[in-house]
Amino acid sequence: MRITVVGGGVIGLLTAIECVRAAGVDAVDLVDAGPIPSPSATSNDRLRVVRALHRREPALTRAAAQAHAGWMDVEDQVGSRFYHPAGALTAMPVQDAAAELAVLTAAGAKAWTLSPDELAGRYPRIRFPDGTGAVLEATAGVVLADHALVALARWLSRRPEVRLHPHKRVVEISQNDQGALIRCADGGTHTADRVVMAAGPWSRELVPAAISSDLTLYRQTVLSYRAPKWFRDSTGMPAVLGLGPARDAWLMPTVPQSDAPLRLSAASACRPVDEMTDRVTPDQWRAHLVDVFSELFPDFDPAAVVDSTDGFYLAERTRGGPMLATYGAGTVLAYAACGGMSFKFAPQIARAIADRAVGAPPRPTGLDSVDRPRHLAAVGEE
Ligand SMILES: Cc1cc2nc3c(=O)[nH]c(=O)nc-3n(C[C@H](O)[C@H](O)[C@H](O)COP(=O)(O)OP(=O)(O)OC[C@H]3O[C@@H](n4cnc5c(N)ncnc54)[C@H](O)[C@@H]3O)c2cc1C
């Protein structure tokens, strides 16, 4: 069987690896519009958080509780280290913490609660609203995303059954007598028994209209903040979520022994947009996050904001998360929407997509929109 993967972000790279590992696959081609990995991929950032707890969403929490082990397995598979199990702290009203902890620990995560006093004692430089407690997950952390992508691409480049095709922009994926047909912007064509499309926020250009009309594009601003001395001195600082009165702000820690900046953002800095333009942050969104974090860190210094960037992702319009779809009589598997948390789930999602591509029973991810993909009978039909 010949499988072609379109898109060399985290989903495409890991799916290609899973296809190589599957029985009965003779050739895996990975095509990307840019270099592999591409600097413009959504996945190609400094850090991505892996954490299980999603408040009031037990099914999502149970699914995410597998992500920590998933990333450790990926490290073993490719023989490289890029996952830092620094933990994740989620702030919340103290009365909610015990119930959230129960869901997490039942899902197999290692975690405990912190009282308001413990929280204030451990993190005196962060301002928490009165009555805030927290759940601290030990089985959580951050992936050095850019390092991970390089390691995944390197592993693939060493496999004899894999061919990498950088700088080839796919303009059309269709079905023909031999399976799936890919047409590239340079006029070249390529056939495969199955095509997996994982083009991140660009996937709207490649999927049928019946799917693209159900996708919303989001743009999110993230600040890079020079870590203050208190932060650099605190050992094992976890990712911190649930900050602020709206409980929607977060910080990603620096990696130990690194002077890389902290990453700061909030759900309020994520907005729907019509088009992907550049990644330059508009002044108003930078100012918005400076306002948010000035409230959260009593000694916040706007001059220590060393950079800001905008990233894009597509989400399924009604549920807001990822979307997997199949069409072309099952020859095309399209990861049409990656949503805002596909990085952590990528090892699980890639396994499930590869299983479907090779015709094996798909291993469940716990994500409904991946475990029950949308089927289009034919392009142009629902
Ligand atoms: C600011 C921000 C913070 C985030 N934080 C987290 C987090 O902490 N944890 C988490 O789990 N998730 C997070 N996410 C979401 C996560 O980063 C994405 O869901 C994930 O990286 C998407 O990966 P992907 O492989 O689907 O797409 P991408 O990484 O975007 O890869 C798509 C690839 O397809 C290629 N491509 C596009 N069009 C074509 C074409 N026509 N032909 C050939 N190749 C093409 C591109 O060049 C690119 O390499 C965040 C997202 C943003 C924007």
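Every value quoted in this text rests on a predicted model; they were computed, and no experiment measured them. (Residues numbered from 1 in each chain as written. Predicted model: local features only at pLDDT ≥ 70, side-chain atom pairs only at ≥ 80, totals over all residues. Heavy atoms only, no water.)

Attention now goes to the site of the ligand. Near the ligand lie 36 residues; those nearest to it are Asp-32, Ser-43, Arg-48, Val-49 and Lys-344. Within the contact set of the ligand, a nitrogen atom lies 3.2 Å away from a backbone nitrogen or oxygen of Gly-340. Expressed as a share of its isolated accessible area of 1000 Å², the protein-covered part of the ligand is 96%. Every element with two or more residues in the shell around the ligand is listed here: helix 1 (10-21), strand 3 (47-50), strand 14 (215-225), strand 19 (305-316) and helix 10 (342-358). (Near = heavy atom within 4 Å. Polar contact = N/O pair within 3.5 Å; in protein donor to acceptor, adjacent residues only side chain to side chain. Areas by Shrake-Rupley, 256 points an atom, 1.4 Å probe, with all protein chains shown as cover. Helix = DSSP H or I, 4+ residues; strand = E, 2+ residues; numbered from the N terminus.)

With that settled, the discussion passes to the sheet that holds strand 11 (residues 179-184). Here we have three strands laid out as an open sheet, ordered 10-11-12, and antiparallel in their pairing. Two strands bound the open sheet, and with one partner strand each, they are strand 10 (170-176) and strand 12 (189-192). Across the sheet, the axes of successive neighbouring strands diverge by a mean angle of 20°, strand direction being ignored. The sheet contact formed by strand 11 and strand 12 spans four bridges and is antiparallel. Paired with Leu-181 across the strands is Thr-191, a residue of strand 12. (Pairing = 2+ DSSP bridges. Axes fitted to C-alpha atoms, helices over the stretch in contact; angles between N-to-C directions.)

Turning our attention to the sheet that holds strand 4 (residues 83-84). Think of a sheet as strands paired side by side through backbone hydrogen bonds, with each pair either parallel or antiparallel. With respect to topology, three strands assemble into an open sheet ordered 3-8-4, the strand pairing being antiparallel. Two strands bound the open sheet, and with one partner strand each, they are strand 3 and strand 4. Contacts between helix 6 (residues 145-157) and the sheet are confined to strand 3 and strand 8 (141-144), with strand 8 contributing the most and set at about 55° to the helix. (Contact = heavy atoms within 4.5 Å.)

Nothing here speaks to function; it is geometry throughout.
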